[in-house]
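Chain and residue survey
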Amino acid sequence: PVLSLFGAPLRPVAEIRLRVSGLYRKLVASRLVPASAEELADVLQQPFCADTVVKNEPRTLIRRILLPDGTAAIVKTYRRRSLYDFSRESRTRFRAQREFDALGYLAEKTVPCSIPVCWGYGRDAQSGRFESLVTLEEPGVVGLKDYLRSARADQRWVQPVAALVRRAHDVGFYHGALAPRNILFRAGDDSGRCIMIDTPKSIVFRRPVTGTRMADHDLLVFLCEVNNVVGDAAVAAFLARYGMQAADIGPMVERVRNYRAGRNTRSRMRAASMLRKGLT
């Protein structure tokens with residue numbers, strides 16, 4: 001079965017495609033939640049209050065909604081998309097679509113992640129050309145980046161986050177932007193449960209990526225930022241929990257110390273990953 005963050009069984013991934021009137025030109029809904037595409041379209045196109053807004057920036061709007069059954073969800077809208085980007089993505093895949101597909105894959109493989117509800121695109125007077133992704137809201141979680149910088153931070157995050165990353169790599173999932181901000185961590189109890197979010201740059205392979213350049217890149221990007229905040233000891237502990245051989249941990253810690261993830265590095269890594277994807 002597909003599982004939510006806290007183990008509740010969910011129905012298998014499936015999609016309903018619907019052209020809707022109003023703001024949305026297209027809406028794609030998952031069967032992971034008990035709501036029809038028509039019901040979701042009605043909820044998404046209703047006016048909303050300022051107190052439901054989590055983040056309001058020129059290019060991004062994040063807000064909370066309640067699904068028809070009362071379940072809390074998060075709507076992330078990418079706004080004011082250029083005509084070039086919109087036209088190009090309509091021929092390939094939209095950013096929200098890429099994230100929806102990636103999260104659906106993780107959910108199907110029982111890798112803890114933000115559960116996708118639907119995605120869609122459209123146009124309105126306030127946001128221009130937009131695309132939106134809706135995911136279930138997980139209670140009691142904080143961004144790992146914020147947690148590591150907080151006064152209450154301890155080592156409880158190491159084991160569950162290392163297990164999460166290893167599980168994703170073992171099912172062939174390359175995140176592509178695995179920064180601490182893209183993992184949500186539940187620090188309020190001893191479970192230390194965590195989930196992956198923000199996956200539009202991910203690539204899925206038919207075989208595990210563990211031990212490949214893609215896995216190393218995910219680890220380097222993630223652990224470089226961890227190292228800057230909490231130091232080498234946490235990095236070494238993470239790699240041990242991830243399952244890296246003891247002889248390889250020291251050299252990897254040294255790579256983390258010296259790693260700088262510039263735009264060119266990320267672009268080359270994505271190109272190499274896409275090439276590998278095409279050859280597998």
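If you're wondering where the values come from, they're calculated on a predicted model, not measured in any experiment.

Let's shift gears to a negative patch on the surface. There is a patch of like negative charges on the surface, built from Glu 38, Glu 39, Asp 42 and Asp 69. Structurally, the position occupied by Asp 42 is in helix α1 (residues 37–44).

A few words on the packing of aromatic side chains. Counted by the stated rule, this structure contains 10 aromatic pairs. With centroids separated by 5.1 Å and ring planes inclined at 85 degrees, the aromatic side chains of Tyr 24 and Phe 130 adopt a geometry described as edge-to-face. Taken together, the positions of Tyr 24 in strand β4 (residues 24–30) and Phe 130 in strand β9 (residues 128–136) put the pair 106 residues apart, joining distant regions of the chain. The exposure classification of Tyr 24 matches that of Phe 130, with both residues buried. Put simply, the rings of Phe 86, Phe 94, Trp 119 and Tyr 121 touch in pairs and so form one group of aromatic residues. Over the aromatic face of Tyr 242 sits the side chain of Arg 166, whose NZ or CZ is 5.4 Å from the ring centroid.

Along the chain, His 169 falls in helix α5 (residues 158–170). Setting aside its immediate chain neighbours within four residues, His 169 contacts Pro 208, Val 209, Thr 210, Ala 215, Asp 218, Leu 219 and Tyr 242.

Now for helix α7 (residues 232–242). If you check which residues of α7 are buried, you get Ala 234, Val 235, Phe 238, Leu 239 and Tyr 242. Summarising the axial view, the buried residues of α7 lie within an arc of 135 degrees, below the 170-degree limit, and thus occupy one face. Exposed and facing more than 90 degrees away from the buried side of α7 are Ala 233 and Arg 241. Where α7 is buried, its residues meet α5, α6 (213–230) and α8 (246–258).

So, how was this worked out
- Residues numbered from 1 in each chain as written.
- Predicted model: local features only at pLDDT ≥ 70, side-chain atom pairs only at ≥ 80, totals over all residues.
- Heavy atoms only, no water.
- Patch = residues over 30% accessible without salt bridge, like charges linked within 9 Å, V, L, I, M, F, W, Y side chains within 5 Å.
- Areas by Shrake-Rupley, 256 points an atom, 1.4 Å probe, with all protein chains shown as cover.
- Salt bridge = Lys/Arg side-chain N within 4 Å of Asp/Glu carboxyl O.
- Lys, Arg positive; Asp, Glu negative; His and termini not counted.
- Charge placed at Lys NZ, Arg CZ, Asp CG, Glu CD.
- Helix = DSSP H or I, 4+ residues; strand = E, 2+ residues; numbered from the N terminus.
- Phe/Tyr/Trp six-rings, centres within 6.5 Å; stacked < 30°, edge-to-face > 60°.
- Buried < 20%, exposed > 50% of the residue type's maximum accessible area, 1.4 Å probe, protein only.
- Lys NZ or Arg CZ within 6 Å of the ring centre and 35° of its normal.
- Contact = heavy atoms within 4.5 Å.
- Arc of directions from axis to C-beta.

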